[in-house]
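# Fold and contact review
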Amino acid sequence: MVAIAILAAGKGTRMKSALPKVLHSLGGRTLVEQVLRGCVELQPERQLAIIGYQGDRVRNALEHWPNIEFVEQTQQLGTGHAVQQLLPHLADFSGDLLVLNGDVPLLRPSTLQKLLHTHQQNKNAATILTARIPDPLGYGRVFCDDKMLLKEIIEHRDCTDAQRQNNRVNAGIYCFSWPKLQEVLPKLQSNNDQQEYYITDAVNFLSPVMVVDAEDYQEILGINDRLQLAEAYDILQTRIKNQWMTAGVTLIDPASITIDDSVEIGSNAIIEPQTHLRGNTTIGSGARIGPGSLIENSSIGENSTVLYSVVSDTQVGTDVKVGPYAHLRQQAVVGDNCRVGNFVELKKTTLGKDTNVAHLSYLGDATTGEQVNIGAGTITANYDGARKHQTVIGNKTKTGSNTVLVAPLTLGDNVTVAAGSTLTEDVESDALAIARARQVVKPGWKLGAS
Ligand code: UD1
Ligand code: MG
């Protein structure tokens, strides 16, 4: 039986941030959520998040996580003090407890499996995850014998210069036999440089404690400042991009592309330079996105193209051409085989299939039928200064250039709107609507003559 506890109560002073450290975002998810995701494969019996600094904010951000329990650490007196708060909550628990730092977000599930396996195989009192890293500055140093049995963990700031030469560091990830940890937790003292209760001291009290090195030291990177946050983002990006390229997605100039780890991409899609795929986004196979596009919380259908455009909270069908320079937002829905071209904005608008909005238009709160042609410069005047109103356009209707549709307004099927019209009244199907001043030509007219 395994329980996990995530230390997420600290302020994160070194971030110099109003936001608690564990709520900083890494590739579309908070740090603490990245840690939780890493543990899903372990199928833990219990999941406890220790919260404290801006605890309500952390709680709100994690409330959606299934079966999470919150444990309050009202004063942040150190990582050992944080784990002490578990005592009343796990009074009846007798299995293993995996303790994770909420600021170590890049762990692979396989590494956690290996840690747990070593712990259980050897019946250790505790097993700790370590790595040998090129720049160990700031990490606790781990000293062990050649059988990987722990001798001591000493915090960077409590080390002598000679001890700092050791580059085997504590990842902040521990597997404990809970009944054994329960016994030593009350014995922690705060007689160290920071006057804090250290979880590492609890480890030092236990025996036998084994050390497991992570193969890839990048996995154990802890985020204590914004430089490390940027470094972790780079590592995560490389992982995500390698995964998609291996799965058959072409990335052109990968260094200029960013992809959140919540994004799904079909095979044979091509992602061009300076493109950013964020949030809950799906790209269909054969689609071509970019250069220069931002797609956020949207789905793009198979074989569609998006060129130099911004698409958010939008569904785009198959074989659609978007851009250059289009902006689709707020629940826009674009049917199959449509074209949304240069300098077109769609907001809360649904286009039926085979519809073209090729140039210089704004459609807001509108619905079109199929095979509609929206002429250049067609604008829905959807806002009367107080409320938004709907525009409905029937199948095969065509609006001329520079049409203004003053909502609420309904155009039937097969309507033709003359160029330059400002429509304020509904138009029945199969009609021509003209709403503009007639042209007047005065033959022989000269300036100054009456
Ligand atoms: C800790 C380890 C260090 C290890 C490093 C790895 C200790 C004493 N040191 O140091 O050996 O190399 O992590 O990243 O544990 N937290 C609480 N309550 C508190 C204090 C902290 O919940 O009272 C949480 C923080 O939110 C954070 C985690 O514990 O998620 C680690 O705290 P942090 O202050 O970053 O510890 P480090 O100095 O990095
Ligand atoms: Mg830390």
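Residues numbered from 1 in each chain as written. Chains lettered and ligands numbered in written order. Predicted model: local features only at pLDDT ≥ 70, side-chain atom pairs only at ≥ 80, totals over all residues. Heavy atoms only, no water.

Next up on the list: the domain arrangement of the chain. Segmenting the chain into domains produces domain 1 (2–226) and domain 2 (249–433). Between domain 1 and domain 2, the C-alpha centre-to-centre distance is 48 Å. (Domains from an automatic or database assignment.)

Once that is clear, we can look at the pattern of salt bridges. This structure, assessed with the given rule, holds 13 salt bridges. For the salt bridge of E72 with R59, the shortest nitrogen-to-oxygen distance reads 2.8 Å. In this pair, E72 is assigned in strand β5 (residues 68–72) and R59 in helix α2 (residues 55–62), connecting sequence segments 13 residues apart. According to the relative accessible area criterion, R59 is partly exposed, its value standing at 24%. Across the pair R108 and D216 runs a salt bridge, and its minimum N-O distance is 3.2 Å. One end of the pair, R108, is in the loop between β6 (96–101) and α4 (109–121); the other, D216, is in the loop between β11 (209–213) and α8 (226–246), and 108 residues separate them in sequence. Given a relative accessible area of 29%, R108 falls into the partly exposed group. Note on D216: relative accessible area 22%, which makes it partly exposed. Here the residues in one salt-bridge network are R108, D216 and E219, joined through shared partners. (Salt bridge = Lys/Arg side-chain N within 4 Å of Asp/Glu carboxyl O. Helix = DSSP H or I, 4+ residues; strand = E, 2+ residues; numbered from the N terminus. Buried < 20%, exposed > 50% of the residue type's maximum accessible area, 1.4 Å probe, protein only.)

Around the magnesium ion (ligand 2), the protein contributes the donor atoms D103 (OD) and N224 (OD1), which lie 2.3 Å from the metal centre. Of this pair, D103 sits in the loop between β6 and α4 while N224 sits in the loop between β11 and α8, and the two are 121 residues apart along the sequence. With respect to burial, D103 and N224 carry one shared label: buried. (Donors = N, O, S within 2.8 Å, 3.2 Å for Na, K, Ca; no water.)

Let's shift gears to the side chain of T111. Of note, T111 is situated in helix α4. At a separation of 2.6 Å, a polar atom in the side chain of T111 contacts the side chain of E219. Residues in contact with T111, not counting those within four places in the same chain, are L129, A214 and E219. (Polar contact = N/O pair within 3.5 Å; in protein donor to acceptor, adjacent residues only side chain to side chain. Contact = heavy atoms within 4.5 Å.)

Judged by how many residues are buried, strand β1 (residues 2–8) sits mostly within the fold: seven of seven residues are covered. Two strands pair when backbone bridges link them, and β1 and β6 are joined in this way by six bridges, in the parallel orientation. Across the sheet, I6 pairs through a bridge with L100, a residue of β6. When β1 meets strand β4 (residues 46–51), the two strands line up parallel, connected through six bridges. For L7, the partnering residue across the bridge sits in β4 and is I50. (Pairing = 2+ DSSP bridges.)

Lining the immediate surroundings of ligand 1 are 26 residues, of which L7, Q73, T79, E155 and N170 lie closest. L7 is positioned with one of its backbone polar atoms (N or O) 2.8 Å from an oxygen atom of ligand 1. Here D103 contributes a side-chain N or O atom positioned 3.0 Å from an oxygen atom of ligand 1. The protein chains hide 92% of the 760 Å² of surface that ligand 1 would expose on its own. Elements represented by at least two residues in the shell around ligand 1 include exactly β1, α3 (79–84), β10 (168–177) and α7 (199–205). (Near = heavy atom within 4 Å. Areas by Shrake-Rupley, 256 points an atom, 1.4 Å probe, with all protein chains shown as cover.)

Nonpolar side chains in soluble globular proteins generally cluster together in the buried interior. Counting 91 residues, the largest nonpolar core has L100, I173 and I220 as its most contacted members. A total of six residues in this core trace back to one element, the largest contributor, which is α8. Three or more residues apiece are contributed to this core by two domains, here domain 1 (2–226) and domain 2 (249–433). Not counting the four nearest positions on each side in its chain, I220 is found in contact with V104, L107, L129, A131, I133, Y139, V169, A171 and A214. In terms of nonpolar packing, the next biggest core, distinct from the first, is built from 34 residues, W178, L181, V184 and L206 among them. (Core = buried A, V, L, I, M, F, W, Y, C linked by side-chain atoms within 4.5 Å.)

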